[in-house]
Amino acid sequence: MTMLASHFSSLTSKMLSVSTSDHASVVSLNLFVALLCACIVIGHLLEENRWMNESITALLIGLCTGVVILLITRGKNSHLLVFSEDLFFIYLLPPIIFNAGFQVKKKQFFRNFVTIMLFGAIGTLISCTIISLGVIQFVKKLDIGTFDLGDFLAIGAIFAATDSVCTLQVLNQDETPLLYSLVFGEGVVNDATSVVLFNAIQSFDLTHLNHEAAFLFLGNFLYLFFLSTLLGVATGLISAYVIKKLYFGRHSTDREVALMMLMAYLSYMLAELFALSGILTVFFCGIVMSHYTWHNVTESSRITTKHAFATLSFLAETFIFLYVGMDALDIEKWRFVSDSPGTSVAVSSILMGLVMLGRAAFVFPLSFLSNLSKKNQSEKIDIKQQVVIWWAGLMRGAVSMALAYNQFTRSGHTELRGNAIMITSTITVCLFSTVVFGMLTKPLIRYLLPHQKATTSMLSDDNTPKSIHIPLLDGEQHDDSFVEFSGTHQDVPRPDSLRGFLLRPTRTVHHYWRQFDDAFMRPVFGGRGFVPFVPGSPTERSSPDLSKTLRESL
C-alpha cells in the first residue's frame, strides 16, 4: 500500500510538472503573439519614417523585451522561446523565400540573370574566401580558442550570407527596378550559395587538400546548385499540370489553394530530404508557380494565394527579427566573454571590416565585367548604383545566426569560450549591420538616386502576381495579367512599345524563351492565355471582353 501511495505521489508530481511546463509555454506564446501584433502596429505608425523599417522596429522591440525579461528573471533569461535551427530553416524561411520568387518581377530578374548569378554565386565565393583568409590572419592571433581549418572556412560562409529579408524592405521594386532586381536576386542566390557552401564544408574532408579535392568540392557544389534549381522547377510544373487538368476550382477553390500551398512547401522539404538547397528549390518553385500555376486557378484563388503567401512571409520575417532581438541578450553566451569584453569587441570589429571588404571585392569588379557586356547605357550599373548595391548587402541576419548556431553550439548551448565569442560576435555584427546600415540605407538611396521613379508601363511584368503592397482594388494597379485574351495571346500595345523595340533587339534570349514557352510549355502546363475553355473551369468567364469586364468590376 505504501509503495502504491509513493508511486501515485510521484506520478502526481510529474503531471503537475508537465502541467506547469505547458502553462509556461502557453504564457510565452501569448506574449510572443502580442509582441508580433505590437510590431505590426508600430511598424505601420512608422511607415513614413525615413530612418525606420519593419525589420528594425521588430529588432528594437525584441531588444526592449529582452531587457524587461532580464530584469524580471534577475539576469537568468532574456527570451521567451529557445532558438532552433529547425524552427528557422523548416518553418520560417520557406514562406519568405517562396513569396520572394512568387512576387518577383520575372522580366527584370531574368533580364539581369547573368549579373545576379555573378553577384550571388561567384561573389559569395569571393566574399567567403576573403573573410576566411582574414579570420585566419587576424582572429587567430587573438587566441580566443582552438579552431581548425573547417571552422575558419565555416566562418567565411556564415558571414558571406547577406540578409535578403531586410534588403527587400529597404528597396522598392517600382521606384528602383534595376537595383531591386539585383539586390533581391543576389540576396536569394547568396543565401542559397552560403548554405550549400556551409554544408559542403561540414561534410568535406579538409585534412587532405589537393587539386583533385578542390575540383571534387567544386563539382559537388555545382551539382547541389543545379539539382536544387531543377527540383524547384519540376515541382512547380507538376502543380501547374495537376491543377490545369483537374480543375479543382470547379467544385471548391479551397482545394486548389491548399494544393498550391502544400506543393510549395513540399518542394522545400523534398530538397531537405535529398540534402539539396531548399532555398534555391522553393525560390524557383515560386517563380514557376507564378508563371503557370497561378494563372490556372480561379479568380478568387488568385486573390487568396497572392495575399496569403505575402502575409505568411511578412509574419515569418517579423517573427525572425523579433526573436533575434531577444536572443541577442542571452546571458548564457555573454557570461563567457564578460571577463574579456575587449576581445569580443575586437573580433566583432574585424568581422565587420572583413564583411565590408569582402563585399567590395566582388561588387565593383563584377559590376565592371557586367557593364562590358551591356551595349545599352541605361542597362549598365553606374558607380552610384554600385555603392547602393554594396551598402544594401552589408546587412547580416537570421541566416548567419542560424549557421553560427549550427557550427558553434549544441542544441543552442555552448560551454567553450571560443565558441561563445563567435556566437556573441555574430549577434553583434547582425544587430549592428541591420540597425545601423538599415537605418542609413533609405537616406543613402535618396541622396545618391534622387530621381529614380521608374515608369512601369514597359518594365511591368505581365505574368507575376503583384505584391500585397499594391492596393487590391486600385484602378491604377499595374497588374495587366488579363490583357491577353484566351487563345489569342496578343499583347495590347503600350505607349512606349516602339521605344522599347528600338532600345532592345528582339532576337534575345527572352525572345527565344517566349517562343518556346508559347509553343511547348504553356499548352501543356497552362498559364496566362493558354488555359482551354471548359464549363466550370477557371476560365469559364473568358471572353473577348474579359479585360474590359474585369477592369470595370475593379
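Residues numbered from 1 in each chain as written. Predicted model: local features only at pLDDT ≥ 70, side-chain atom pairs only at ≥ 80, totals over all residues. Heavy atoms only, no water.

- The name an unreviewed UniProt entry gives the protein is Sodium/hydrogen exchanger, with Eutrema salsugineum as the organism.
- We quote the UniProt Sequence similarities (unreviewed entry) comment for the protein here in full: "Belongs to the monovalent cation:proton antiporter 1 (CPA1) transporter (TC 2.A.36) family." (UniProt positions renumbered as here; feature names shortened; annotations may be inferred.)

## Describing the pattern of salt bridges
For side chains bearing opposite charge, pairing can occur when the charged atoms are close.
Okay, step 1: Going through the model one piece at a time under the given rule, you end up with four salt bridges.
Okay, step 2: Close ionic contact of Arg302 with Glu299 constitutes a salt bridge, the shortest N to O distance being 3.3 Å. Taken together, the residues Arg302 and Glu299, both in helix H12 (residues 299-327) and three residues apart, mark about one turn of the helix. In this pair, the class of Arg302 matches that of Glu299, namely buried.
Okay, step 3: When the shortest N-O distance is used, the salt bridge between Arg522 and Asp517 registers 2.9 Å.
Okay, step 4: The network of salt bridges with shared partners includes Asp517, Asp518 and Arg522. (Salt bridge = Lys/Arg side-chain N within 4 Å of Asp/Glu carboxyl O. Helix = DSSP H or I, 4+ residues; strand = E, 2+ residues; numbered from the N terminus. Buried < 20%, exposed > 50% of the residue type's maximum accessible area, 1.4 Å probe, protein only.)

## Section: the state of the cysteines
Okay, step 1: Taken as a whole and judged by the stated rule, the model has zero disulfides.
Okay, step 2: Unpaired in terms of disulfides, Cys37 finds its nearest cysteine sulfur in Cys39, a separation of 9.2 Å. (Disulfide = S-S within 2.5 Å.)

## Describing the nonpolar core
Okay, step 1: One finds Phe32, Phe159 and Met422 to be the most contacted residues of the largest nonpolar core, which totals 123 residues.
Okay, step 2: It is helix H8 (residues 177-203) that contributes the most residues to this core, 15 residues altogether.
Okay, step 3: Not counting the four nearest positions on each side in its chain, Phe159 is found in contact with Ile131, Leu351, Val355, Arg396, Met422, Thr426 and Val429.
Okay, step 4: In terms of nonpolar packing, the next biggest core, distinct from the first, is built from six residues, Leu237, Ala240, Val288 and Tyr292 among them. (Core = buried A, V, L, I, M, F, W, Y, C linked by side-chain atoms within 4.5 Å. Contact = heavy atoms within 4.5 Å.)

## Considering the side chain of Ser239
Okay, step 1: Residue placement: Ser239 occurs in helix H9 (residues 211-246).
Okay, step 2: When its relative accessible area of 1% is taken as the criterion, Ser239 is described as buried.
Okay, step 3: Within the structure, the side chain of Ser239 is placed 3.0 Å from the side chain of Thr293, a separation counted as a polar contact.
Okay, step 4: Discounting residues that sit within four places of it in the chain, Ser239 has contacts with Met263, Met289 and Thr293. (Polar contact = N/O pair within 3.5 Å; in protein donor to acceptor, adjacent residues only side chain to side chain.)

## Some words on the packing of aromatic side chains
How two aromatic rings sit relative to each other is set out by the distance from centre to centre and by the angle between their planes.
Okay, step 1: All told, the structure shown has 23 aromatic pairs when counted by the stated rule.
Okay, step 2: Between Trp391 and Phe437, the ring centres sit 4.8 Å apart and the planes meet at 70°, which makes this aromatic pair edge-to-face. Highlighted residues: Trp391 in helix H15 (residues 383-392) and Phe437 in helix H17 (residues 417-448), separated in sequence by 46 residues. For the residue pair Trp391 and Phe437, the accessibility class agrees, reading buried in each case.
Okay, step 3: Ring pairing ties together the aromatic residues Phe109, Phe110, Phe113, Tyr180, Phe184, Phe283 and Phe284, which thus form one cluster.
Okay, step 4: Taking the ring centre of Trp294 as reference, the NZ or CZ of Arg302 above it sits at 5.5 Å. (Phe/Tyr/Trp six-rings, centres within 6.5 Å; stacked < 30°, edge-to-face > 60°. Lys NZ or Arg CZ within 6 Å of the ring centre and 35° of its normal.)

## Topic: the packing of helix H6 (residues 149-160) against H8
Relative placement of two packed helices is described by the angle separating their axes and the distance separating the axes.
Okay, step 1: Packing of H6 against H8 brings their axes to within 8 Å, and their N-to-C directions diverge by 170°. As judged from the angle between their axes, H6 and H8 are roughly antiparallel. Two secondary-structure elements touch here, H6 through Gly150, Leu153, Ala154, Ala157, Ile158 and Ala160 and H8 through Asn190, Ser194, Leu197, Phe198 and Ile201.
Okay, step 2: Its residues placed into classes, the contact of H6 with H8 shows eight nonpolar, three polar and no charged. (Axes fitted to C-alpha atoms, helices over the stretch in contact; angles between N-to-C directions. Parallel < 35°, antiparallel > 145°, perpendicular 65-115°, else oblique. Nonpolar A, V, L, I, M, F, W, Y, C, P; charged D, E, K, R; others polar.)

## Describing unusual backbone geometry
Okay, step 1: Despite not being glycine, Ala275 has its phi angle at roughly 60°, a positive value.
Okay, step 2: The topology assignment puts Ala275 in the loop between helix H10 (253-273) and helix H11 (278-296).

## Points about the environment of Cys285
Okay, step 1: Within the element layout of this structure, Cys285 appears in helix H11.
Okay, step 2: The exposure class assigned to Cys285 is buried, which follows from its relative accessible area of 0%.
Okay, step 3: Remark: the alpha-carbon pair of Cys285 and Tyr268, spanning 17 residues in sequence, is separated by 8.8 Å.
Okay, step 4: Once you skip the residues sitting within four places of it in the chain, Cys285 turns out to touch Phe98, Gly232, Thr235, Gly236, Met263, Ala264 and Ser267.

## Some thoughts on a nonpolar patch on the surface
Okay, step 1: Taken together, the side chains of Phe215, Leu218, Leu222 and Phe226 make up a nonpolar region of the molecular surface, amounting to roughly 430 Å² of accessible area.
Okay, step 2: Within the secondary structure layout, Leu218 lies in helix H9.
Okay, step 3: Leu218 gets classed as partly exposed once you look at its relative accessible area, which sits at 40%. (Patch = residues over 30% accessible without salt bridge, like charges linked within 9 Å, V, L, I, M, F, W, Y side chains within 5 Å. Areas by Shrake-Rupley, 256 points an atom, 1.4 Å probe, with all protein chains shown as cover.)

## A short note on the confidence of the model for the protein
Okay, step 1: The predicted model of the protein averages 77 in pLDDT, with 75% of residues at 70 or higher.
Okay, step 2: Element-level mean pLDDT values for the protein span from 37 in helix H18 (residues 456-459) up to 92 in H10.
Okay, step 3: Overall, residues 453-460 carries pLDDT values under 50, and its contacts beyond four positions in sequence, including any with other chains, amount to 19 contacts. (pLDDT = per-residue confidence, 0-100.)

## What to know about the packing of helix H3 (residues 85-103) against H11
Okay, step 1: It is the contact of H3 with H11, at a shortest axis distance of 7 Å, that shows an interaxial angle of 45°. Relative to H11, the element H3 is oriented oblique. In terms of crossing hand, the pair formed by H3 and H11 is right-handed. Mapping the contact onto sequence places Leu93, Pro94, Ile97, Phe98, Ala100, Gly101 and Phe102 in H3 and Ile279, Val282, Phe283, Cys285, Gly286, Ile287, Met289, Ser290 and Trp294 in H11.
Okay, step 2: Grouping the amino acids of the contact of H3 with H11 by side-chain chemistry returns 13 nonpolar, three polar and no charged. (Left-handed = near helix turned anticlockwise from the far one by under 90°.)

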